[in-house]
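Observations on the three-dimensional arrangement
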Amino acid sequence: GDQVEQSPSALSLHEGTGSALRCNFTTTMRAVQWFQQNSRGSLINLFYLASGTKENGRLKSTFNSKESYSTLHIRDAQLEDSGTYFCAAEDSNYQLIWGSGTKLIIKP
Amino acid sequence: AQTIHQWPVAEIKAVGSPLSLGCTIKGKSSPNLYWYWQATGGTLQQLFYSITVGQVESVVQLNLSASRPKDDQFILSTEKLLLSHSGFYLCAWSGLGLNQDTQYFGPGTRLLVL
């Protein structure tokens, strides 16, 4: 089965609200990255985590390697947050395994 | 600051025709370089990586090849395009170890094969 299971596949939020995206891993991962892909297709790196929690503005991400998951929290969502979010996890062989993406739509 | 540039921005090509996509990175010496492919609405698939000039490793076989003729240049090519090659091609770079550091992506090239 897939080593990286990302959920939800799609999410709709009203401006000003928040939610969380999650990636579950079926094997031990060394690190995780989160990316936002905008409508033009550009991929923007949001976080790189080998452990713990990082915060950047309205975004916060946690990576728990022991329990095999990572989350990306978005608060006070803005229209420009729309896009597709991917997690990518680094396995023990230094291969980067990508999640299937979460399509996020922010509504006014 | 590092910049990553990809060319062309978009291509429409015929099945069986050759293809060459380019990627250059400025402001970073000896980067790790990657090629990714993304089907429309799909996730990313790493195709190739390179840790040094002249060395390229294939991650998945898609009847494509890659070369790194210079430290700051990564080329993706094929002599005969297939319909299945359509999609979005992204080049990325990272520092430190292979797949062990933040990856920074170029703007991508959209390819449509007819």
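Residues numbered from 1 in each chain as written. Chains lettered and ligands numbered in written order. Predicted model: local features only at pLDDT ≥ 70, side-chain atom pairs only at ≥ 80, totals over all residues. Heavy atoms only, no water.

**Description of the overall build of chain A**
Summing up its helical and strand segments, chain A has 0 helices and 11 strands in all. If you list the helices and strands of chain A from N to C, you get β-β-β-β-β-β-β-β-β-β-β. Once the C-alpha set of chain A is aligned to its principal axes, its extents read approximately 40 × 25 × 20 Å. Per-residue burial for chain A yields a buried fraction of 46% across its 108 residues. Of the contacts formed within chain A by residues at least 6 apart in sequence, a portion of 54% connects residues at least 24 apart. (Helix = DSSP H or I, 4+ residues; strand = E, 2+ residues; numbered from the N terminus. Buried < 20%, exposed > 50% of the residue type's maximum accessible area, 1.4 Å probe, protein only. Contact = heavy atoms within 4.5 Å.)

**Comments concerning the pattern of salt bridges**
Residue and element names in this part refer to chain A. Scanning all chains against the criterion turns up 3 salt bridges over all chains. With a shortest N-O distance of 2.6 Å, arginine 58 and aspartate 81 are connected by a salt bridge. Here aspartate 81 lies in the loop between β8 (69-74) and β9 (83-91) and arginine 58 lies in the loop between β6 (52-56) and β7 (59-64), a separation of 23 residues in the sequence. For aspartate 81, a relative accessible area of 8% translates into the label buried. (Salt bridge = Lys/Arg side-chain N within 4 Å of Asp/Glu carboxyl O.)

**Here's the deal with the sheet that holds strand β3 (residues 19-26) of chain B**
One key point about sheets: their strands pair by backbone hydrogen bonds, in either a parallel or an antiparallel sense. Residues and elements named next belong to chain B. Strand order in the open sheet formed by 4 strands is β1-β3-β8-β7, and the pairing between neighbours is antiparallel. If you trace the sheet from one side to the other, it starts and ends with β1 (3-7) and β7 (65-70), each paired once. Looking at each pair of strands side by side, their axes are set apart by 20° on average, direction ignored. Bridge analysis of β1 against β3 gives 5 bridges, and the strand direction is antiparallel. Bridge pairing in β3 links threonine 3 to lysine 26. (Pairing = 2+ DSSP bridges. Axes fitted to C-alpha atoms, helices over the stretch in contact; angles between N-to-C directions.)

**Brief notes about the interface of chain A and chain B**
Note: interface size is frequently given as the accessible area lost on complex formation between the parts. Tallying the contact residues gives 18 residues for chain A and 18 residues for chain B. For the chain A and chain B pair, buried surface summed over both sides reaches about 1400 Å², with 51% attributable to carbon and sulfur atoms. Put simply, chain A and chain B have 0 salt bridges between them. Among the secondary structure elements, those contributing two or more residues to the side of chain A that touches chain B are β4 (29-37), β5 (43-49), β9 and β10 (96-98) of chain A. (Buried area = accessible area lost by both parts, 1.4 Å probe.)

**Some remarks on the sheet that holds β6 of chain A**
Residues and elements named next belong to chain A. Strand order in this open sheet of 5 strands is β1-β3-β8-β7-β6, and the pairing throughout is antiparallel. Each edge of the sheet is formed by a strand with only one pairing partner; in this case those strands are β1 (4-7) and β6. Pairwise comparison of adjacent strand axes, ignoring direction, gives a mean angle of 15° for this sheet. The pairing of β7 with β8 spans 6 bridges and is classified as antiparallel. When the sheet's bridge partners are listed, asparagine 64 is paired in β8 with tyrosine 69.

**Some details on unusual backbone geometry**
The omega torsion across serine 7 of chain A and proline 8 of chain A is -10°, close enough to zero to call that bond cis. In this fold, proline 8 of chain A is placed in the loop between β1 and β2 (10-14). Put simply, tryptophan 7 of chain B and proline 8 of chain B share a cis peptide bond, and its omega is -10°. Structurally, proline 8 of chain B is set in the loop between β1 and β2 (10-13). With phi around 65°, tyrosine 94 of chain A is a residue other than glycine that occupies positive phi space. Within the fold, tyrosine 94 of chain A resides in the loop between β9 and β10.

Fair warning: the whole summary comes from geometry, so function is off the table for now.
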